[in-house]
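Report on the structure
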Amino acid sequence: MATLTIVQAVNDGLKSVMRDDPTVLVLGEDVGPKGGVFLATEGLTDEFGVARCFDTPLSEDGIIGTAVGMAMNGLKPVAEIQFQDFIYPAFDQIVSEAAKLRYRSGGQYTAPMVIRTPYGGGIRGGLYHSQSGEAYFCHTPGLKVVVPSTPHDAKGLLIASILDPDPVLFLEPKALYRSVKGEVPEGSYEVELSTLREVRAGDDVTIFCYGAMVPVVVKAAEQAAEKGIDCHVVDLRTLLPLDEQGVLDAARRTGRVVVVHEAPRFCGYGAEISALIAEHAIEYMEAPVKRVTGFDTPFPNTLEHHYLPDERRVLDAIEQVHSF
Amino acid sequence: MTDVQRVLAADGSVVGTVPDLSDERLRELLVHMLRVRCIDERMLKLQRSGRVGFVGSTLGLEGAMIGSAAALRSQDWMWSGLREGGAAVMRGLPLDEYVAQMYCNSNDTAKGRQMCNHFQHKGSHYPSWSSVIGTQLAHGVGAALAASRRGLDEVHAIYCGDGASSSNGFHSGLNFAGVWRAPCVFVLVDNGWAISVSSKAQTAADSYADKGIAYGVRGIEVDGNDVLASLAATEEAVERARAGDGPSLVVLSTYRMLGHSSSDDPTRYRDPAEVDAWAQRDPIDRYEAFLIERGVLAPGGREELAARTLAELDEVIAEQEAADPMSTRTLVEDVYADVPDHLRRQYNEFARIQEAHGEARPGEGAFPL
């Protein structure tokens, strides 16, 4: 088993599935000979030719719109949006077209495709290279939203997303692209979508997180353990459709919940987790659900280390719900 | 600005080269145009009596629609907008499915999910389309690229209106098609009005066909009320695309004689004199005169054909009026390939209330969890 970074695991996942399935192709800005600005598609044009991994004109709307058409005519496109911040010109194609096609056609037409895009802060990218827009897309029935946090999951979830019969938005935590390494099996394998990953077992406080927040939460949980608080850390990894029963089981286990995400708080993903628990597990709760999130502001630049939830803020929330 | 291609003058006299078509084929074009007009009349009548919800009228557009679509082969695709449903019927959409879609009933292949006038037909490659203007252009280009990647002999005809030429989808669609030399043809039906905005107010370009220049896409301007010119120009573009010679932009200039839809009153924004002037250039009158002059159609033949078409249509309407509405379970089906747990739970809560009110029909019960 090779030890890979997340971005290498993405690359390996693309290669594995492209070797197995000639209908899979990759398109996007600079994904060809350059291999993408983060090198996620490095070597694909060399190995599979320009017909299966190619650069497009600089138009996110065009990339996703044409990918929908390819998916409707027998191919499995994997479209890269260079930064998630640039996805909004394609919002209409994702929300109005890809996500609604199966439903509006009564199942006659479908758009099995994957949109890969790096998201999140931590690279000093300012407002437009740092956003976490998952909540916009999680409000879109028909779409699946997947966020890996380990190399193993990055490859397995990506392959499962490409083989999935529905459109998937695959959000890659760019802050972790090269900072996290892990063992990755060779060849194709799938990590089932809409399943949770237990990162750490514990009985005192449950923490839900995903993507780049997972290592932050793990560190905070280790610090909490030193203070005698045993945290149960859950990586949600598929945000839509969510394993709601799994979330409720994990919440009931401790009766004390913290949700952590980078995105702004108001109407953020944490609100859904909080509401789900309030509706279905309130009788198990020993403390109010606490959210640790980005501020309800645009993404800052020089102060991003304060905007992003860190171990201190997560630990503070753990202690608050534990002592409530 | 390119010259406007025309075969028939407004009075039906021949001013260009008549395409090499058999008498039977020439007559068929009239049959299809008349069917479009008959459907339009009937649907508007049904709408006024409250039996269907919405009609995007095609009165005046029959020549552009039928002529251009007749240029396609059976394996080619047609990416449509609001007013191409009649062409879909010509290419294979069964009339009963057409009417079922207008009624959004349980025979509708879209399961009643789209508002009226949003047709689809997989068998003749007429994909589902959304009401959002211009999104289908990039789809057609992507599907055309897929066809060439898969080695399929398909041309993708991508329809849009004058209003859609201002959408971002028009720009990205034509640009990608030009760069990829995708086997597709853009058919821009300039019908004079985008709801209440004149097509002259939509662009400062001299001609919609000129827009192709910026994308390296050949532009052609055609008299859209001339079914033969529409056919000839589109056919040339389609066969060029098929031969790998790249995409074209075929602009069919015509006129939407009625409002944008059954909900629109065009007298609020346009001069009746303009409408009268276009009535003199009616595509069916013009073509009828040509066929009679050529001896392909007997005087009075048109009325006979229309009566037969209406009778056939009325039979289909009577059948579809009696069809059931969709099962309530379709509320949560086809969102994903399988109905996920959270949707099953949402539906089951609804089904419990339906049952409590005695309104659940057989097959509308809870999903297993």
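Just so it is clear, the structure is predicted and the values come from calculations on it, not from any experiment. (Residues numbered from 1 in each chain as written. Chains lettered and ligands numbered in written order. Predicted model: local features only at pLDDT ≥ 70, side-chain atom pairs only at ≥ 80, totals over all residues.)

Quick notes on the overall build of chain B
Secondary structure assignment for chain B yields 11 helices and eight strands. Taken over C-alpha atoms, the radius of gyration comes to 22 Å for chain B, in line with the 21 Å a tight globule of 369 residues would show. Seen through its C-alpha atoms, chain B measures out along the principal axes to roughly 70 × 50 × 40 Å. Residue burial in chain B is summarised as follows: out of 369 residues, 51% are buried. (Helix = DSSP H or I, 4+ residues; strand = E, 2+ residues; numbered from the N terminus. Rg over C-alpha atoms; globule rule 2.2 N^0.38 Å. Buried ≥ 20, exposed ≤ 12 C-beta atoms within 10 Å, placed from the backbone.)

Some details on the confidence of the model for chain B
Summing up the model confidence of chain B, the mean pLDDT is 96 and the portion of residues at 70 or higher is 99%. Both scores are available for the predicted complex, with the pTM at 0.97 and the ipTM at 0.97. (pLDDT = per-residue confidence, 0-100.)

With respect to the domain arrangement of chain A
Residue and element names in this part refer to chain A. Taken domain by domain, chain A holds domain 1 (2–184) and domain 2 (197–323). Relative placement of domain 1 and domain 2: their C-alpha centres are 26 Å apart. Contact with domain 1, which involves 26 residues of that partner, is made by 24 residues of domain 2. Each residue belonging to the side of domain 1 that touches domain 2 can be placed in one class, and the counts come to 14 nonpolar, eight polar and four charged. (Domains from an automatic or database assignment. Contact = placed C-beta atoms within 7 Å. Nonpolar A, V, L, I, M, F, W, Y, C, P; charged D, E, K, R; others polar.)

A closer look at the sheet that holds strand β7 (residues 168–173) of chain A
Residues and elements named next belong to chain A. Strand order in the open sheet formed by seven strands is β3-β2-β4-β5-β7-β6-β12, with mixed pairing between adjacent strands. Edge positions in the sheet fall to β3 (53–55) and β12 (238–240), since each has one partner strand and no second. Strand after strand, the sheet turns through a mean of 20° between neighbouring axes, direction not considered. Inspection of the sheet shows strand β5 (residues 114–119) paired to β7 by six bridges, in the parallel sense. (Pairing = 2+ DSSP bridges. Axes fitted to C-alpha atoms, helices over the stretch in contact; angles between N-to-C directions.)

Overview of the interface of chain B and chain A
Contact with chain B, which involves 36 residues of that partner, is made by 37 residues of chain A. When residues of the side of chain B that touches chain A are traced back to their parent elements, those giving at least two are α5 (135–149), α6 (168–180) and α11 (341–356) of chain B. Tallying contributions element by element places α5(B) first for the side of chain B that touches chain A, with 11 residues. Tallied by class, the residues present in the side of chain B that touches chain A amount to 15 nonpolar, 14 polar and seven charged.

Looking at the nonpolar core
In this structure, A:Ile207, A:Val217, A:Val258, A:Ile318, B:Ala157, B:Val185 and B:Val250 are the most contacted members of the largest nonpolar core, which totals 193 residues. The contact partners of A:Ile207, leaving out residues within four places of it in the chain, are A:Val217, A:Ala221, A:Cys231, A:Val233, A:Val234, A:Val258 and A:Val260. (Core = buried A, V, L, I, M, F, W, Y, C linked by C-beta atoms within 7 Å.)

Here's the deal with α5(B)
Residue and element names in this part refer to chain B. End to end, α5 covers 22 Å across 15 residues, agreeing with the expected 21 Å (1.5 Å per residue, within 8%). The element α5 is extensively covered by neighbouring structure, given that 13 of its 15 residues are classed as buried. Note on α5: the residue one or two positions beyond its end, Gly 151, has a positive phi of about 70°. (Expected span 1.5 Å × (residues − 1).)

Regarding the domain arrangement of chain B
By the assigned domains, chain B splits into domain 1 (4–321) and domain 2 (327–369). Measuring from the centre of the C-alpha atoms in domain 1 of chain B to the corresponding centre in domain 2 of chain B gives 39 Å.

Some words on the sheet that holds strand β13 (residues 257–264) of chain A
All names here are of chain A. With mixed pairing, five strands are arranged side by side in an open sheet as β9-β11-β10-β13-β14. Where the open sheet ends on each side, the last strands, each with one partner, are β9 (197–200) and β14 (290–294). Neighbour-to-neighbour, the strand axes of this sheet turn through a mean angle of 25°, independent of strand direction. Looking at chain direction, β13 and β14 are connected through four bridges and run parallel. Directly across from Pro 264, in β14, lies its bridge partner Gly 294.

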